Structures are given as C-alpha cells and as structure tokens.
Amino acid sequence: MVFFKRFRLKQGDRHPALKPRRRLIRRLAIGIISLAGIVTLAWLLRIPLRDDLVQHVLTLAEKEGYYVGYEEIWGDIFSGINFSSIEIVADDDHWLTAEKLNLSYRLLPLLFENRFEIRSVRLIRPEIRWLLPEEKPEDSEPFDPDFSLDLTNFHIRSGRIELADTLILDAIQFNATLEIRPHLVTGRVRRAAATMVLNHRDRLNLRSAKTSFSYSPPDSITLRDLLVVTSGSHLEADLALNGARWNAVLKEIDLDLSELDPEGLSGRLNARGFLLSETSGYAGELEAELLDVKMGSFELAQSRLSVAGDDGLFDIIIDASHKELGSLGVSGMLSMDTSSLNARLSFLNVDLYPAPDWPISFTGELNIGYRFAEKEGIAFGKLRNISLSSMSWDLCSFDLSFAEDLVDLKNLSLTRSFSEIKAQCRIQSGAVNGKLDVQGFQLASLRYLNPL
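Conventions used here
Residues numbered from 1 in each chain as written. Predicted model: local features only at pLDDT ≥ 70, side-chain atom pairs only at ≥ 80, totals over all residues. Heavy atoms only, no water. Helix = DSSP H or I, 4+ residues; strand = E, 2+ residues; numbered from the N terminus. Buried < 20%, exposed > 50% of the residue type's maximum accessible area, 1.4 Å probe, protein only. Areas by Shrake-Rupley, 256 points an atom, 1.4 Å probe, with all protein chains shown as cover. Salt bridge = Lys/Arg side-chain N within 4 Å of Asp/Glu carboxyl O. Pairing = 2+ DSSP bridges. Contact = heavy atoms within 4.5 Å. Patch = residues over 30% accessible without salt bridge, like charges linked within 9 Å, V, L, I, M, F, W, Y side chains within 5 Å. Lys, Arg positive; Asp, Glu negative; His and termini not counted. Charge placed at Lys NZ, Arg CZ, Asp CG, Glu CD. pLDDT = per-residue confidence, 0-100. Phe/Tyr/Trp six-rings, centres within 6.5 Å; stacked < 30°, edge-to-face > 60°.

1. A look at the overall build of the protein chain
Moving on, step 1. If you tally the helices and strands in the protein chain, you get four helices and 25 strands.
Moving on, step 2. For the protein chain, the residues scored as buried account for 29% of the 452 residues in total.
Moving on, step 3. For the protein chain, the exposed area adds up to about 29100 Å²; of that, 57% sits on carbon and sulfur atoms.

2. Concerning the pattern of salt bridges
Moving on, step 1. One pass over the structure, following the stated rule, counts 16 salt bridges.
Moving on, step 2. Close ionic contact of Arg-160 with Glu-162 constitutes a salt bridge, the shortest N to O distance being 4.0 Å.
Moving on, step 3. Residue Arg-160 is classed as partly exposed on the basis of its relative accessible area, which comes to 26%.
Moving on, step 4. Its relative accessible area of 17% is what places Glu-162 among the buried residues.
Moving on, step 5. A salt bridge links Arg-304 to Glu-289; the nearest nitrogen and oxygen atoms lie 3.4 Å apart. Pair noted here: Arg-304 is in strand 16 (residues 302-310) and Glu-289 is in strand 14 (residues 281-295), with a separation of 15 residues, a long-range link.
Moving on, step 6. For Arg-304, a relative accessible area of 53% translates into the label exposed.

3. Some points on unusual backbone geometry
Moving on, step 1. The omega torsion of the bond from Pro-217 to Pro-218 falls at 5°, within 30 degrees of zero and hence cis.
Moving on, step 2. Mapped onto the elements of the fold, Pro-218 is located in the loop between strand 9 (201-216) and strand 10 (220-230).
Moving on, step 3. The backbone of Arg-125 shows a phi angle near 50°, a positive value even though the residue is not glycine.
Moving on, step 4. Looking at where Arg-125 falls in the secondary structure, it is placed in strand 5 (residues 117-130).

4. Some thoughts on the pairing of strand 7 (residues 167-181)
Moving on, step 1. When strand 6 (residues 149-164) meets strand 7, the two strands line up antiparallel, connected through eleven bridges. By the bridge assignment for strand 7, Gly-159 is matched with Ile-172.
Moving on, step 2. The antiparallel hairpin formed by strand 6 and strand 7 contains two residues in its connecting segment.
Moving on, step 3. Two elements, strand 7 and strand 8 (residues 184-198), share 13 bridges in a ladder whose sense is antiparallel.

5. Looking at the side chain of Thr-195
Moving on, step 1. You can see Thr-195 is positioned in strand 8.
Moving on, step 2. Excluding residues that lie within four positions of it along the chain, Thr-195 makes contacts with Ile-168, Leu-169, Asp-170, Ala-171, Asp-202, Leu-204 and Asn-205.

6. Digging into a positive patch on the surface
Moving on, step 1. Residues Arg-188, Arg-190, Arg-191 and Lys-210 make up a contiguous surface patch of positive charge.
Moving on, step 2. For the positive patch, the element with the highest residue contribution is strand 8, accounting for three residues.

7. Some details on the confidence of the model for the protein chain
Moving on, step 1. Looking at the protein chain, the pLDDT average stands at 81 and 82% of residues meet or exceed 70.
Moving on, step 2. The least confident element of the protein chain, judged by mean pLDDT, is helix 1 (residues 2-7) at 49; the most confident is strand 10 at 94.
Moving on, step 3. Scored below 50 in pLDDT, residues 443-452 shows five contacts in the model against residues more than four places distant or in partner chains.

8. Comments concerning the side chain of Ser-401
Moving on, step 1. Positionally, Ser-401 belongs in strand 22 (residues 391-403).
Moving on, step 2. In this structure Ser-401 comes out as buried when scored by relative accessible area, which is 15%.
Moving on, step 3. Among all residues touching Ser-401, those that are not within four sequence positions of it are Gly-377, Ile-378, Leu-406, Val-407, Asp-408 and Lys-410.

9. Considerations on the environment of Ser-397
Moving on, step 1. Here Ser-397 is to be found in strand 22.
Moving on, step 2. Classification of Ser-397 by relative accessible area gives buried; the value is 18%.
Moving on, step 3. Between the alpha carbons of Ser-397 and Asn-411 there is a distance of 7.8 Å; along the sequence they are 14 residues apart.
Moving on, step 4. Excluding anything up to four places from it in sequence, Ser-397 contacts Gly-381, Lys-382, Asn-411, Leu-412 and Ser-413.

10. Considerations on the environment of Ser-277
Moving on, step 1. In this structure, Ser-277 sits in strand 13 (residues 265-278).
Moving on, step 2. A relative accessible area of 4% means that Ser-277 is categorised as buried.
Moving on, step 3. Put simply, Ser-277 and Thr-338 are 61 residues apart on the chain and 9.0 Å apart in space, counted from C-alpha to C-alpha.
Moving on, step 4. Filtering out sequence-adjacent residues up to four positions away, Ser-277 remains in contact with Ala-244, Arg-245, Trp-246 and Tyr-282.

11. A few points about the packing of aromatic side chains
Moving on, step 1. Evaluated as defined, the whole model comprises seven aromatic pairs.
Moving on, step 2. With a centroid separation of 5.1 Å and 65° between ring planes, the pair formed by Tyr-70 and Phe-83 is classed as edge-to-face. Taken together, the positions of Tyr-70 in the loop between strand 1 (67-69) and strand 2 (72-76) and Phe-83 in strand 3 (residues 80-91) put the pair 13 residues apart, joining distant regions of the chain.
Moving on, step 3. For Phe-83, a relative accessible area of 9% gives the class buried.
Moving on, step 4. Summarising the aromatic geometry, the rings of Phe-154 and Phe-174 are spaced 5.9 Å apart at their centres and angled 70° between planes, so their arrangement reads as edge-to-face. Of the two residues, Phe-154 is situated in strand 6 and Phe-174 in strand 7; the sequence distance between them amounts to 20 residues.
Moving on, step 5. Overall, the relative accessible area of 22% leaves Phe-174 in the partly exposed class.
Moving on, step 6. Following the ring pairs from residue to residue traces out a cluster consisting of Tyr-370, Phe-372 and Phe-402.

Given below as structure tokens:
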C-alpha cells in the first residue's frame, strides 16, 4: 500500500511499472542478463568443460574394452574438439589410428539437456584393422540402437581399412550423413570411393558410390537411388531387404566381368528389370545381354536372356549367336523357390562349332532339377536330329543325377535306324565305373573319326 500511495498519480490510476509491455521488457532484460551470465561462465570454463567431456568419453570407452590415446588435443566446447595422432585399440586385430580427428557438436543440447549431439566427424588419413570373423557367431545379436544421434557430416579422407589379411580397402574417400533413432538408422552416402586390394593386388577401383539408406533391426535394409561407378562398370538400382523377402529394381547394369576375375573372365553384362521375393515365391521381369564373354580359353557366344513371371514361375528365352561359335535358341519354363530350382527347356535350334570341321547340331528337350540345401540335382531329356561332324543320330535320351563329388549317368541311349548304343557311368571322387552296350552299330560310320 505504501508503494501505491507514494507513486500513484491520481486516485485509481495504476503505476506505469505495472503495465504489461513494461513488465515484458523487464522479464526479457532479466533473461538476457541471465543468459549472458551463463555464456560468460561457460566461456571462462570452456577448457575445463572440454577436459571433463573428454574424460567422460574415455571412461565410457574403457568400460567397453577400448583403449583411447592421443598426442595432442585442442579446441573447446564452442569451436569443437580436435585430436592429433589418435588411436583406439581393442586388440591386435581390431584397432583404429588417424593423423587427425575433428569433432564438432551442437552446444545448446549439451548445455541445457545434457545430451551430446554430434554435428560432424572428420577423419584424416585413418588406418583401420578390423578383421571380420570367418563365420557369424551363433549368439551374435543384430545391431539395435537404443539412443539418438544426428551426424550431419561424416567425412573420411585418405583412409585404409584391413578387413582380412588378404582384403584391404585403400585410398578411401567417404562423405555421408547419419541419423540414429531407437531401433532405426537412416542416412545418405554422398560419395564413397576406394581401391580394393585382394591378395596384395589391386582388384577393383570404386570411383564413386551414392545412395540413401535405412536400417531397422533385425534385418531390414533399404537402399534408394543406388549409384555405383567403377573404372569399367556402372550400376543404378533400388534394393530392399527384409529377412527372406527382398526386392531389386535394376535401372541399369553395365558390368565389366573382368573386374570380378581379371585372370579368368572377360566380357560385359548389360541388364535391366526387376526381381523380388515374397512369401508366394519369386517374381520379376529381366532382360540381360552378354557380350564377348571369355572364361579362360573358353569363349561364349553373344547372348540375350529374357525372364518374366510371378509366383516362382518364369518364362525364359535364350538366344545366342557367334560367327565363330555357332548359334543357340532355347525357350522354356523355370520354377524356383527358396529350396529348389526346376527347369524345362526346349532347344529350338543348336548349331555349334566347337572345333574346326566338328559342327554339332540338334533339337530336343531338357529337364533340370536342383535342391539347394542338399546340393544335389537331376537332369534328363531327349535330343533329336543329332549331327556330329558327318555322323548323325536320330535320338539321344539320358538320365543322370549329380552332387558335389558325384555324377551318376543312369542311362544313356543313342539310336540310329536299327543301331543303338547304351551306356551307364558313375564318377565319384576321381573313380570311374561304367558299362557300355552296343547293338548293331555300323563301324563304317567311324571312318570320320580316324584319318587313317
């Protein structure tokens, strides 16, 4: 009451200090002064706060079984933290060293929420040895994050990673963004480049790779707008994996096969289409072309492959031709699921030249079945109008089964007019056992086999 009596201007008037606008200004002034005090205090304590933060991270790493050492540290909580000659070691086969590590983060979440939110990580000339296990441990659990992390810039310059004694990724250039949320990881690879060294020889030169990705445990992975460019190949695709179900959209594939095996394989593969796996079976539509393919001393004709179907049933067409090797035309039906493959093929025309003066031609049907788990299969069919050099046969029928180290020819029959040859053969681990039965064969027809 004393206050109002002393400062009021007239009876019933309110003091100007109590007006809403001035009250707001006064509160803002108090807030600004308080914030300035907090920032000033943080500035004065920026080095001790940095050391406390680093010590907290080192303690957490030590609890997880990692030794962290560095030669020099500079920066503060405002400008970021920088390390020189840093090393992170778990054991002799799992360690990381880097010439420099630059780490920046957002300050406000650290001050007001006690939350460490990384903005960027930059590794200069890192060397990493992280040997992968030969087999996945049975008790291993999928990566399932239970924390949040925003990494707007993750950059590696001139890196090197040893994944095995004979597999090294060298000259790594990498730039990506990463966002981690509980049970979800998303991000984008802006650029990835590296040279793969296999058995101490440069094997693959990855010039550029880009993609957007997402991962959710236990095994759901999505790659969108995937672009991979090597010294000789180009790939554009969208991929989605969810356990046993997957979906691949091949926008464009131009693959140099020599990059897969420089010593034994050459040629090119062009393909486009889509393939997917669902509970009802496989489906897709794919067009592929092989050009100038050689495997060692064996050369393949230029061929086109067309596959289309759904529910695991595909129509397949193969058309191949080569001026020095001959031609091949095949059509049929392919049935495929996760446990087996079955094919019924019709040879529309086969006219091959495997050696000078030794052309082969025939038509007919072939049936093939294969079980993936057992690694065994069967093949049987009938070939007609068979011509081998100047010798011809009316019909050839066969029935065989095969496994990893076994080929069992149960029945082979060659007929020509009133002549017939029957054979049985079993090849297992290098041993050959067989039976041959000849009925009415005209020996005169063998004169083309013996130049004498």
